[in-house]
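# Reading the structure
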Amino acid sequence: MTAVPKMLWERGGGGDESPGLAEMNDGVVFTTLERVCEDSITALSGPPGRTHDDATMRLLEAMKRIQEHGRALEPVVVGFASVYHHFDFDAETPGNGYRTLVKVVRSCLFHIIQKSRYVANNCRGAFFRVEHNALELEAYCSALCQLRALLYLAKRILNDNESGQLYSSDEGLSQSFAREYSSMHKACFYGRCLGFQFSPTMRPFLQTVVISMVSFGENYKRQQSGIGMAALSLLTSGKYVIDPELRGAEFERITQNLDMDFWKSFWNLTETELLSGLASITSNLVQVNLTLSAPAVTLRMPLASDPRLSVSVSPPVAHWGPGGVNLRLISHVLREGQDSEELLAFARSDGPPLSFPVGFKPQKHPLSPWLIIHFHGGGFVAQTSRSHENYLKSWSRDLNVPILSVDYSLAPEAPFPRALEECFYAYCWALQNSHLLGSTGERVCLAGDSAGGNLCITVTMRAMTNGVRVPDGIMAAYPATLLTTDASPSRLLTLIDPMLPLGVLTKCINAYAGMDFQQAVVPTGELGTLGSLSRESVLLLSDLTQGMSSWFQSFLDPSSSTQHLSNGDKAECHSKNSDEQLAEYPEGFEPLRSEQLAEIKATHTPVIRNPFVSPLLAPDSMLKGLPPIHIVASALDALLDDSVMFAKKLKGIGQPVTLTVIEDLPHGFLSLLQLSKETQEASDICVNRMREIFQQDPCPCA
């Protein structure tokens, strides 16, 4: 029996090998794979003439197919490994979609090597479970086949793109990827192989998420409350625990075609009293957690260039007319202004009052020189600050700073630009009322994750165009900077990512872009002092907003709008045109296909190329003058290339920017703060970046 190099087993497989996995010699990996497969085949075959049962035959066939995939993959992986450093942000920050794809393939190979070695050493034992091991290696063989297809697609992106570019400018290539996604088999990545690429501490959580989602999907649209639905889902989840193949198939079905209402309902389970209450038990205690509402009144803001002059900032008006903005104030300690009658006048009636235990009167601390204004993630379509309280409370304690989180309106009921308008208005309101929030406002940091990271950047761009003071810095965690369906190597991960499948990403983009918009009219009682606008006026404002977005984009690039619309009209998913040729693969290879085809609705509205939607597409003139931006990304995130390309663009025009790439964690890791040591360390990096913003000279200490 051939011995496998010891260092392979010391470094393990999946997420626990970093940085060893990234530095492993690919020749050693593939040589080891070949030998271990050969050993397993020899051990399973036994002496000539030996008959085998069905499970053993399947196991032998899986080993042979793995061998074939390994031989074909080696030159492709070695080729990518020789060039992917050219796409990094800099030499000290290795990270881009090509690196990630190779890392994921290596991780899959490590798992296969470990399982194959076990088969070779134990297949003749009395306690060897042939059926179980056959299912395991069949699943990883399927995963390796699909990853091989992704590398071929990435090779096309690499060959077609300009030097250093990660996103494909070829509309046909992006459409080809969408068609491939719609037809490719994905269930193997959500069954036995679930989360193999992530840190081992993440895998139980991911399994819980996937089981919860498929159970929730089974009971979706039954007449149940949110908590009733959660309880019913818990009762039906057992079969998905014991049957990984059923779980994977059901998750694939859900992510293929269920509508946006399902995703909003599932993600918003974290907003229920029970789940949010459980989360609050483990979170840090804070003395202030107050829900507020900024009224819809016109603000007068001093001009940044000349504070003697002022500019008017109107309340949000897009789609349904003027309205207030909901907010949440979190502070680890009670500070001056936070219990004032002036602030409490803004408190929402549906939120918890500012109250303290009987006989306990907290010491009131002076105003902090710092203030964090936070925009939450959720794909622009789900969640509120309530789902993000856990890490916000931790940040408030660690930085000793008050945090104002904005509960902006969500798509598809409130597409662009409503959320941007509300966040910009809330930012201006906070600057004007910082003394009520427990801060002098001497240093202001914008912070957000995912969709919230996008809003941090675009709110700052809006402040610059309005002449208002910009924040002193931005901390954006795994931000979405390109809200298109353009193909990139990291976005190929949407085929295997349980947190951000392409079908879900596309639905979120379409919702925010207004493709699924249904006119909503807010009751006049909620419109504040400007609420007397007629419905016709509101509709006119909505049309003008959309028209201005299209006009602005055509002004930046006169050919882009027309070209994009014509291309979008041609885009059809594979399920509607199964005879259309898909991506070209080497002769003799074809990825596994799904029995149920996905419907990927192409995003073809020019709104998605508006710089205030996709800041990566903003001209340099709109980005010059931005404050220091600290981006914290995840290497295994489908949006990694958004972060890398945006950081490179800022660096290229001389803007202050840093990029930190976290290994082995999924998209949304901030919400998993207390789940593992790795997520805590990732949150600490975000805290340190915000501290750097606050401690820029000259700045008083907190």
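From a predicted model like this one, the values you see are computed outputs, not experimental measurements. (Residues numbered from 1 in each chain as written. Predicted model: local features only at pLDDT ≥ 70, side-chain atom pairs only at ≥ 80, totals over all residues. Heavy atoms only, no water.)

### Section: the packing of aromatic side chains
On inspection of all chains with the given rule, the structure shows 19 aromatic pairs. Taking the centre distance of 5.6 Å and the plane angle of 50° together, the rings of phenylalanine 216 and phenylalanine 262 count as tilted. Separated by 46 residues along the polypeptide, phenylalanine 216 in helix α8 (residues 203-218) and phenylalanine 262 in helix α12 (residues 260-267) bring together distant segments of the chain. The exposure class of phenylalanine 262 is buried, given its relative accessible area of 0%. By the ring-pair criterion, three or more aromatic residues cluster together here, those being Phe216, Phe262, Trp263, Phe266 and Trp267. A cation sits over an aromatic face here: lysine 186 above tyrosine 181, 4.5 Å from the ring centre. Taking NZ or CZ as reference, lysine 651 lies 5.0 Å from the ring centre of phenylalanine 89, over its face. (Phe/Tyr/Trp six-rings, centres within 6.5 Å; stacked < 30°, edge-to-face > 60°. Helix = DSSP H or I, 4+ residues; strand = E, 2+ residues; numbered from the N terminus. Buried < 20%, exposed > 50% of the residue type's maximum accessible area, 1.4 Å probe, protein only. Lys NZ or Arg CZ within 6 Å of the ring centre and 35° of its normal.)

### Focus: the nonpolar core
Within the largest apolar cluster, 209 residues are counted, with the highest numbers of intra-cluster contacts made by Trp395, Tyr427, Val468 and Met690. With 16 residues, helix α6 (residues 130-160) is the largest single contributor of residues to this core. Once residues lying within four places of it in the same chain are set aside, the contact partners of valine 468 are Met301, Pro302, Ala304, Val311, Val313, Phe424, Tyr427, Cys428, Leu431 and Ala463. (Core = buried A, V, L, I, M, F, W, Y, C linked by side-chain atoms within 4.5 Å. Contact = heavy atoms within 4.5 Å.)

### Some points on the confidence of the model for the protein
One rule of thumb: low pLDDT means the predicted coordinates there are not for detailed reading. For the protein, mean pLDDT is 84; residues scoring 70 or higher make up 81% of the total. The model gives residues 1-22 a pLDDT under 50, and that stretch makes 60 contacts with residues more than four places away or in other chains. The low-confidence segment residues 520-581 (pLDDT under 50) makes 89 contacts with residues lying over four places distant or belonging to another chain. (pLDDT = per-residue confidence, 0-100.)

### Points about the side chain of lysine 186
Mapping lysine 186 onto the fold places it in the loop between α7 (171-183) and α8. Glutamate 252 is the oppositely charged side chain nearest to the buried, salt-bridge-free lysine 186, at an N-O distance of 4.2 Å. At 2.7 Å, the side chain of lysine 186 and the backbone oxygen of methionine 184 are in polar contact. Setting aside residues no more than four positions away along its own chain, lysine 186 makes contact with Tyr181, Glu252, Gln256 and Leu495. (Lys, Arg positive; Asp, Glu negative; His and termini not counted. Salt bridge = Lys/Arg side-chain N within 4 Å of Asp/Glu carboxyl O. Polar contact = N/O pair within 3.5 Å; in protein donor to acceptor, adjacent residues only side chain to side chain.)

### Notes on α7
When the terminal C-alpha atoms of α7 are compared, their 19 Å separation across 13 residues agrees well with the 18 Å that a helix rising 1.5 Å per residue should span. With respect to burial, α7 is a largely interior element, twelve of its 13 residues being buried. (Expected span 1.5 Å × (residues − 1).)

### Regarding the pattern of salt bridges
Working definition: two side chains of opposite charge can pair if their charged atoms are close together. Across all of its chains, the model carries 28 salt bridges by this definition. For the salt bridge of arginine 71 with glutamate 34, the shortest nitrogen-to-oxygen distance reads 2.6 Å. Of the two residues, arginine 71 sits in helix α4 (residues 54-83) while glutamate 34 sits in helix α3 (residues 26-45), which places them 37 residues apart along the sequence. By relative accessible area, arginine 71 is classed as partly exposed at 49%.

### Topic: the sheet that holds strand β1 (residues 288-294)
Taken in spatial order, the eight strands of this open sheet run β1-β4-β6-β5-β7-β8-β9-β10, and their pairing is mixed. Each edge of the sheet is formed by a strand with only one pairing partner; in this case those strands are β1 and β10 (657-662). The average undirected angle you get between the axes of adjacent strands in this sheet is 20°. Sheet topology note: the strand β8 (residues 473-477)/strand β9 (residues 629-634) ladder contains four bridges and is parallel. Each bridged residue has a counterpart across the sheet, and for methionine 475 the counterpart in β9 is histidine 630. Helix α23 (residues 677-694) rests against β5 (368-375), β7 (439-449), β8, β9 and β10 of the sheet, and its axis sits at about 145° to β7. (Pairing = 2+ DSSP bridges. Axes fitted to C-alpha atoms, helices over the stretch in contact; angles between N-to-C directions.)

### Quick notes on the packing of α8 against α12
What describes two packed helices is the angle between their axes and the distance between those same axes. It is the contact of α8 with α12, at a shortest axis distance of 11 Å, that shows an interaxial angle of 125°. Between α8 and α12, the angle falls in the class oblique. For the pair α8 and α12, the crossing hand works out as right-handed. From α8, Val209, Ser212, Met213, Phe216 and Gly217 reach across to α12, where they touch Phe262, Trp263, Ser265 and Phe266. Looking at side-chain class alone, the contact of α8 with α12 contains six nonpolar, three polar and no charged residues. (Parallel < 35°, antiparallel > 145°, perpendicular 65-115°, else oblique. Left-handed = near helix turned anticlockwise from the far one by under 90°. Nonpolar A, V, L, I, M, F, W, Y, C, P; charged D, E, K, R; others polar.)

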